[in-house]
Amino acid sequence: ESLIEIVPPSKTGLIVFKKGNTHSFDKFLREIFKKAKKNVDIVDTYVAGNIFDNLLDEVSKTTPMQFLYGNDTGGFITKSTRFAREFSFQKKESKQFHDRFLIVDGRGYIIGPSLKDAADKKPATMVILNDSDSKKLADLFSDLWNGN
């Protein structure tokens, strides 16, 4: 959590999670999601049902979440339907992207691995973007979400 606080909105920061630090990666993201008030937008190529219990249930039930995904590797679609009954959650499948990223309350995060198994067998990186680059990423998300 302290890493989030030390990267001011005008700066960009890189965080590296070593191989095997899956719990630390998840904990870091849970802290970001827990603080979300306005929006959580996620783009991830390969998803699985475990992300709902590991990460997304930290988001307030009233905070809008939009999730673009490429491939369900197991349980994502089924769990997302159940999750959406209690949370403000929308999903769309799209094959129009490769990279993975998040926008939480206007702040952009570029993530190397898929959320389902980040930092498990290989190191994982996350770049916290400054305000200007976060806006560019939010514009990209909007284009992808709207099919542009």
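Throughout what follows, the structure given in this document is the object of discussion. (Residues numbered from 1 in each chain as written. Predicted model: local features only at pLDDT ≥ 70, side-chain atom pairs only at ≥ 80, totals over all residues. Heavy atoms only, no water.)

### Considerations on the nonpolar core
By size, the foremost hydrophobic cluster in this structure holds 33 residues, and its most contacted members are Phe25, Phe33 and Leu56. A per-element tally of this core places helix H2 (residues 22-35) first, with five residues. Setting aside chain neighbours within four positions, we find Phe25 in contact with Phe17, Ile111, Leu115, Ala118, Ala119, Ala124 and Met126. In terms of nonpolar packing, the next biggest core, distinct from the first, is built from 10 residues, Val43, Phe97, Leu137 and Trp145 among them. (Core = buried A, V, L, I, M, F, W, Y, C linked by side-chain atoms within 4.5 Å. Buried < 20%, exposed > 50% of the residue type's maximum accessible area, 1.4 Å probe, protein only. Helix = DSSP H or I, 4+ residues; strand = E, 2+ residues; numbered from the N terminus. Contact = heavy atoms within 4.5 Å.)

### So, H2
Compared with an ideal rise of 1.5 Å per residue, which puts 14 residues at 20 Å, H2 spans 20 Å between its outermost C-alpha atoms and is within 8% of the ideal. All of the buried residues in H2 are Thr22, Phe25, Asp26, Phe28, Leu29, Arg30, Glu31, Ile32 and Phe33. (Expected span 1.5 Å × (residues − 1).)

### A closer look at the pattern of salt bridges
Applying the stated criterion across every chain yields a total of eight salt bridges. A salt bridge links Lys34 to Glu31, with the shortest nitrogen-to-oxygen separation between them at 3.4 Å. Highlighted residues: Lys34 and Glu31, both in helix H2, separated by three residues, approximately one helical turn. For Glu31, a relative accessible area of 15% gives the class buried. For the salt bridge of Lys95 with Glu93, the shortest nitrogen-to-oxygen distance reads 3.5 Å. In this pair, the class of Lys95 matches that of Glu93, namely exposed. (Salt bridge = Lys/Arg side-chain N within 4 Å of Asp/Glu carboxyl O.)

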